[in-house]
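One letter stands for each residue in the lines below.
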Amino acid sequence: MHEPVKLAVVGAGLIGQRHIAAIAQAASVELVGVVEPNGVSGISVPCFVSLTELFDAASVDGVILSTPTPLHVSGAMDCVKRGVPVLIEKPLATSSTEAAVLTKTAQTASVPILVGHHRRHNPLIQQAAAMIKNGAIGDVRAAQATCWFYKPDDYFDVAPWRKQSGAGPISVNLVHDVDLMRLFCGEVVTVQAQLAPSVRGYENEDLAAAVLRFESGAISTITVSDSVVSPWSWELTSQENPSYPCTGQSCYQIGGSNGSLSLPDMRIWQHQDAKSWWSPMLATNTPREQSDPLVNQITHFCEVIRGTVEPLVSAQEGLRTLQVVEAIQLAATTQTLIQMAAFTEEVNAAAE
């Protein structure tokens, strides 16, 4: 039996509380402290006002950063300087340049950084990715991701930073969907996009759409809004988080040369006879496993800390997804086609 891995959570907001709950469900892991300047009720471990106070008072094997995005890099740098592996909530940073600097610093120091794209730890997503890779629908030609929901006003009122520029649904929510489109379709080569300003008068957008072209030639359309009443988003369809009522719908469609796959219902559509719109179609439901991806992510983080596996979503992976998200924002504001190779080169040069 392994000694329990000692973890600390920094930031006890919505996602921080879920990480705390996930640690309680994971095996061979122990929560040894929480960093939250305003204090936290209902926990049985010490609460600290800063990372420095945590490190000075407790022995920590790994840190989960679930602070607001502008605090990710500074918190992660503190962990890297002390040689402590860190799991950072998505997005990795407020900018690709900051994320590239952090990634390079961590690589030089040989300190693992994981990025909290927890959907990759969902067995359903892992099964879908394997099916696509193994040719279940042929060559992927197109993909559609829909991320529409309505966030209530008090979601923004309790955390005013969510109303600010850079904290809109492109970076906060669409980053998950972009990450999965990369997983399913490969690397992005060009980006086009549109956005609309917040109808509630906030600094950020509340609606955006993008067209992504991949190295394979596949094209993905992807849309997001946190001010649309809709049943089509991962939160409302996947049953990952019991806080969200399940609508029984799907929000992803992956189209291939031999069939199409919808998610999260894991339904494959194919023609019964010859491939033709005159030929009847048959829908096949694929059996799927279910488990909490946040608990799976904690277990994986512990294995990375023990040195038995490499990060599933490394800082480099998180950086690539963030670069696409940033390219979407740039394409929308400048109304230009963004070439990812040139964009990435500029980011890397700025990070030197």
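Basis of the calculations
Residues numbered from 1 in each chain as written. Predicted model: local features only at pLDDT ≥ 70, side-chain atom pairs only at ≥ 80, totals over all residues. Heavy atoms only, no water. Helix = DSSP H or I, 4+ residues; strand = E, 2+ residues; numbered from the N terminus. Buried < 20%, exposed > 50% of the residue type's maximum accessible area, 1.4 Å probe, protein only. Contact = heavy atoms within 4.5 Å. Areas by Shrake-Rupley, 256 points an atom, 1.4 Å probe, with all protein chains shown as cover. Lys, Arg positive; Asp, Glu negative; His and termini not counted. Charge placed at Lys NZ, Arg CZ, Asp CG, Glu CD. Pairing = 2+ DSSP bridges. Core = buried A, V, L, I, M, F, W, Y, C linked by side-chain atoms within 4.5 Å. Phe/Tyr/Trp six-rings, centres within 6.5 Å; stacked < 30°, edge-to-face > 60°. Salt bridge = Lys/Arg side-chain N within 4 Å of Asp/Glu carboxyl O. Expected span 1.5 Å × (residues − 1). Arc of directions from axis to C-beta.

### Re the overall build of the protein
A tally of regular secondary structure across the protein gives 11 helices and 15 strands. Overall size of the protein, expressed as C-alpha extent along the three principal axes, is 70 × 50 × 40 Å. Per-residue burial over the protein gives 51% buried out of 352 residues. Pairs at least 24 apart in sequence give 66% of the contacts found in the protein among residues at least 6 apart. Surface accessibility of the protein: about 15,900 Å² in total, with carbon and sulfur atoms responsible for 53%. Here the protein contributes 21 positively and 34 negatively charged side chains, and the mean placements of these two sets differ by 4 Å.

### Describing the sheet that holds strand E12 (residues 260–263)
If you walk across this open sheet you meet the nine strands as E14-E13-E12-E11-E7-E10-E9-E8-E15, and the pairing is mixed. Each edge of the open sheet is held by one strand with a lone partner, namely strand E14 (281–285) and strand E15 (338–339). With four bridges connecting them, strand E11 (residues 252–256) and E12 associate as antiparallel partners. Across the sheet, residue Ile-254 finds its bridge partner in E12, namely Leu-261.

### Topic: the nonpolar core
Among the nonpolar cores identified, the biggest contains 82 residues, and Val-63, Phe-184, Val-191 and Ile-328 are the most heavily contacted of them. Sorting elements by how many residues they give to this core places helix H10 (residues 315–334) first, with nine residues. When neighbours within four sequence positions are excluded, Phe-184 is seen to be in contact with Ile-125, Ala-128, Ala-129, Ile-132, Val-140, Tyr-252, Ile-254 and Leu-263. Core analysis: the next-biggest nonpolar cluster, separate from the first, contains 22 residues, Ala-12, Ala-26, Val-45 and Leu-114 among them.

### As for the packing of aromatic side chains
Aromatic rings considered in pairs are described by the distance between their centres and by the relative angle of their planes. Under the criterion given, the structure shown has five aromatic pairs. Both rings, one in Phe-156 and one in Tyr-202, keep their centres 4.8 Å apart while their planes meet at 50°; by these two values the pair is tilted. Highlighted residues: Phe-156 in helix H6 (residues 153–157) and Tyr-202 in the loop between strand E8 (188–197) and strand E9 (205–214), separated in sequence by 46 residues. Assigned by exposure class, Phe-156 and Tyr-202 land together as buried. Summarising the aromatic geometry, the rings of Trp-277 and Trp-278 are spaced 5.6 Å apart at their centres and angled 65° between planes, so their arrangement reads as edge-to-face.

### Observations regarding the sheet that holds strand E2 (residues 29–35)
Taken in spatial order, the six strands line up as E3-E2-E1-E4-E5-E6 in an open sheet, and their pairing is parallel. Looking at which strands have only one partner, the edges of the open sheet turn out to be strand E3 (47–48) and strand E6 (113–115). With four bridges connecting them, strand E1 (residues 5–10) and strand E4 (residues 62–65) associate as parallel partners. The residue bridging Val-9 from the neighbouring strand is Ile-64, located in E4.

### Some thoughts on the pattern of salt bridges
Here the structure, examined in full by the defined rule, presents 13 salt bridges. Residues Asp-157 and Lys-163 are paired through a salt bridge, measuring 3.1 Å at the closest nitrogen-oxygen approach. Judged by its relative accessible area of 24%, Lys-163 falls in the partly exposed class. Within the structure, one salt-bridge network assembled from shared partners comprises Arg-120, Asp-179, Arg-182, Glu-187, Glu-317 and Arg-320.

### Remarks on helix H4 (residues 96–109)
In this model H4 runs 20 Å from its N-terminal to its C-terminal C-alpha over 14 residues, within 8% of the 20 Å that 1.5 Å per residue would give. Those residues of H4 not exposed but buried are Ser-96, Ala-99, Ala-100, Leu-102, Thr-103 and Ala-106. Here the buried residues of H4 occupy an arc of 165° about the axis, which is enough to place them on one side. Tucked into the core, H4 has its buried residues touching helix H3 (72–81), strand E5 (86–88), E6, H10 and helix H11 (340–351). In the stretch just after H4, Ser-110 is the one whose phi turns positive, near 55°.

### What about H3?
Most of H3 is tucked away, with seven of its 10 residues classed as buried. Inspection of H3 places His-72, Val-73, Gly-75, Ala-76, Met-77, Cys-79 and Val-80 among the buried residues, and these make up the whole buried set. Looking one or two places after H3, you find Gly-83, whose phi comes out positive at around 70°.

So, to be careful, I would describe these as geometric facts and stop short of saying anything about function.
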